[in-house]
Amino acid sequence: MPLHPQVSAVLEAMRAAGGPALEELTPDEARAVHRAAAERLGGPVEEVAASTDLDAGGVPVRIHRPRGTAATEPLGAVVYLHGGGWVTCDLETHDRLCRTLANRSGAAVVAVDYRRAPEHPFPAAVEDSVAALAWTRDHAAEIGIDPGRLAVAGDSAGGNLAAVVALRDRDAGAHPALRLQVLLLPITDAAMETASYSENAEGYYLTRAGMRWYWDHYLAGADPLHPDASPIRAESLAGLPPAYVLTAEYDPLRDEAEAYAHRLRAAGVPVASRRRAGMVHGFLRWPAAVDDAATALAEIGAAIRDALEPR
């Protein structure tokens, strides 16, 4: 379908505001742009039962417990890894999204403040994400979480990290196993060779040049095809937890994310995949302007709720 009119209006407003392209900014300048966009487009801050900042063994996390739940009630939990190309975003840019996800899913959301590039290039974000999941599982009783009802999730670069964490968790034989991996507009391959990279190279928020800027800052010379950077390059995807994969029609990352979903299915992993028509990369963080963001988050929350039901 054509680009959604609400998305078109957001993109037109961005163009009218002017300013350099992402690849012309320093990381700190790009971070300021993303923080401002989060305030402008993120919508209201939903109330939750509790929001607590903790040290997860050296990795800062923020735990949101959904409204209507008691502090002592053991909940399912989602370890959430924010997007932003491993460079620009943080707990604050994704605070609204994580609160909303907690309330829609009925699960606690453990938002991870992993180290960012270029100050801390690959694999620092991977190691922090793996450590945060391990800490959540090991300290579940202390933080009111049922360790048998865990999921990992993330958007964009966070979706990349979520996929890598699921692979690492499988390889480590972690127990209890993850119930679900939620990959939202995920980066899965550094090759940047798909048709959607050509079709959506410019004009749809995330650009091919912008994505190259992110990869260059993140990898800092590391092997782009290492499975911890490009999870689609993993030798086997068998034995991974069930997946929910979200893509957007006008996203350069669309095809690599859908290819990852295909490989998961081929490996025998249950997959629910959804392509949002007329949407662009990043739309999930624009609920103040794009109605489909709220709709998509409600669907994602329902999928998490179903996966984390007590058994």
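For the structure itself, look to the data block above.
Note that the structure is a prediction, hence the values are computed from the model and not measured. (Residues numbered from 1 in each chain as written. Predicted model: local features only at pLDDT ≥ 70, side-chain atom pairs only at ≥ 80, totals over all residues. Heavy atoms only, no water.)

Draft legend 1. Summary view of the pairing of strand E1 (residues 50-56). Where E1 and strand E2 (residues 59-65) come together, seven bridges link them in antiparallel fashion. Paired with threonine 52 across the strands is isoleucine 63, a residue of E2. Hairpin connection, E1 to E2: the antiparallel pair is bridged by two residues, and glycine 57 has positive phi, about 65°. (Pairing = 2+ DSSP bridges. Helix = DSSP H or I, 4+ residues; strand = E, 2+ residues; numbered from the N terminus.)

Draft legend 2. Spatial organisation of the side chain of threonine 207. By secondary structure assignment, the location of threonine 207 is in the loop between helix H6 (195-199) and helix H7 (208-219). We classify threonine 207 as buried; its relative accessible area is 19%. Apart from residues no more than four positions distant in its own chain, threonine 207 is found in contact with Glu23, Ala201 and Glu202. (Buried < 20%, exposed > 50% of the residue type's maximum accessible area, 1.4 Å probe, protein only. Contact = heavy atoms within 4.5 Å.)

Draft legend 3. Molecular detail of the environment of proline 121. Within the secondary structure, proline 121 sits in the loop between strand E4 (108-112) and helix H4 (124-138). With 183 residues separating them along the chain, proline 121 and isoleucine 304 place their C-alpha atoms 31 Å apart.

Draft legend 4. Here's a closer look at the packing of helix H3 (residues 95-105) against helix H9 (residues 291-307). Two numbers describe how H3 lies on H9: the axes approach to 8 Å, and their chain directions differ by 50°. The pairing of H3 with H9 is recorded here as oblique in orientation. In terms of crossing hand, the pair formed by H3 and H9 is right-handed. Together, Leu97, Thr100, Leu101, Asn103, Arg104 and Ser105 of H3 and Leu297, Ala298, Ile300, Gly301, Ala302, Ile304 and Arg305 of H9 make up the contact between the two elements. The residue inventory of the contact of H3 with H9, partitioned by class, reads seven nonpolar, four polar and two charged. (Axes fitted to C-alpha atoms, helices over the stretch in contact; angles between N-to-C directions. Parallel < 35°, antiparallel > 145°, perpendicular 65-115°, else oblique. Left-handed = near helix turned anticlockwise from the far one by under 90°. Nonpolar A, V, L, I, M, F, W, Y, C, P; charged D, E, K, R; others polar.)

Draft legend 5. Structural context of the packing of aromatic side chains. The full count for this structure, using the stated rule, is seven aromatic pairs. Judged by centre distance (5.3 Å) and plane angle (75°), the ring pair of tryptophan 213 and tyrosine 214 falls under edge-to-face. Comparing tryptophan 213 with tyrosine 214, the two get one shared label, buried. Within the aromatic cluster, the residues linked to one another by ring pairs are Trp86, Phe122, Trp215 and Tyr218. (Phe/Tyr/Trp six-rings, centres within 6.5 Å; stacked < 30°, edge-to-face > 60°.)

Draft legend 6. Structural view of unusual backbone geometry. Of note, the bond from alanine 117 into proline 118 is cis; its omega dihedral lies within 30 degrees of zero at 0°. Here proline 118 is to be found in the loop between E4 and H4. Of note, the amide linkage connecting histidine 175 to proline 176 takes the cis form, showing an omega dihedral of -5°. Positive phi values are uncommon outside glycine, yet methionine 192 reaches one of about 55°. Among the structural elements, methionine 192 can be located in the loop between strand E6 (180-184) and H6. Overall, the relative accessible area of 4% leaves methionine 192 in the buried class. Of note, alanine 220 is a non-glycine position whose phi angle comes to about 50°, a positive value. Here alanine 220 is to be found in the loop between H7 and strand E7 (243-248).

Draft legend 7. How the structure looks around the packing of H4 against helix H5 (residues 157-172). Taken N-terminus to C-terminus, the directions of H4 and H5 make an angle of 60°; their axes are 10 Å apart at the nearest point. With respect to H5, the axis of H4 lies oblique. Seen from above, H4 lies across H5 with right-handed handedness. Taking contact as the criterion, the partners of Ala125, Val126, Glu127, Ser129, Val130, Leu133 and Arg137 in H4 are, on H5, Leu161, Val164, Val165, Arg168 and Asp169. Its residues assigned to classes, the contact of H4 with H5 shows seven nonpolar, one polar and four charged.

Draft legend 8. How the structure looks around H4. With 15 residues, H4 extends 21 Å from end C-alpha to end C-alpha; this agrees with the ideal 21 Å at 1.5 Å per step. Turning to H4, its buried residues number three or more, namely Ala124, Ala125, Val126, Asp128, Ser129, Ala132, Leu133, Trp135, Thr136 and Arg137. (Expected span 1.5 Å × (residues − 1).)

Draft legend 9. Structural view of the nonpolar core. Residues Trp86, Met211, Trp215, Tyr218 and Tyr260 are the most contacted members of the largest nonpolar core, which totals 63 residues. Looking at which element gives the most residues to this core, the answer is H5, with eight residues. Dropping the residues within four chain positions of it, tryptophan 215 is found in contact with Trp86, Asn160, Ile187, Asp189, Ala190, Met192, Ala220, Ala229 and Ser230. Listed in part, the 37 residues of the second largest apolar core include Tyr80, Ala153, Ala296 and Ala307. (Core = buried A, V, L, I, M, F, W, Y, C linked by side-chain atoms within 4.5 Å.)

Draft legend 10. How the structure looks around the pattern of salt bridges. Overall, the coordinates contain 24 salt bridges when judged by the stated rule. Taking the shortest distance from any N to any O, the salt bridge between aspartate 95 and arginine 99 comes out at 2.8 Å. In this pair, aspartate 95 and arginine 99 are both assigned in helix H3, four residues apart and thus about one turn of the helix distant. Classification of arginine 99 as buried rests on a relative accessible area of 15%. (Salt bridge = Lys/Arg side-chain N within 4 Å of Asp/Glu carboxyl O.)

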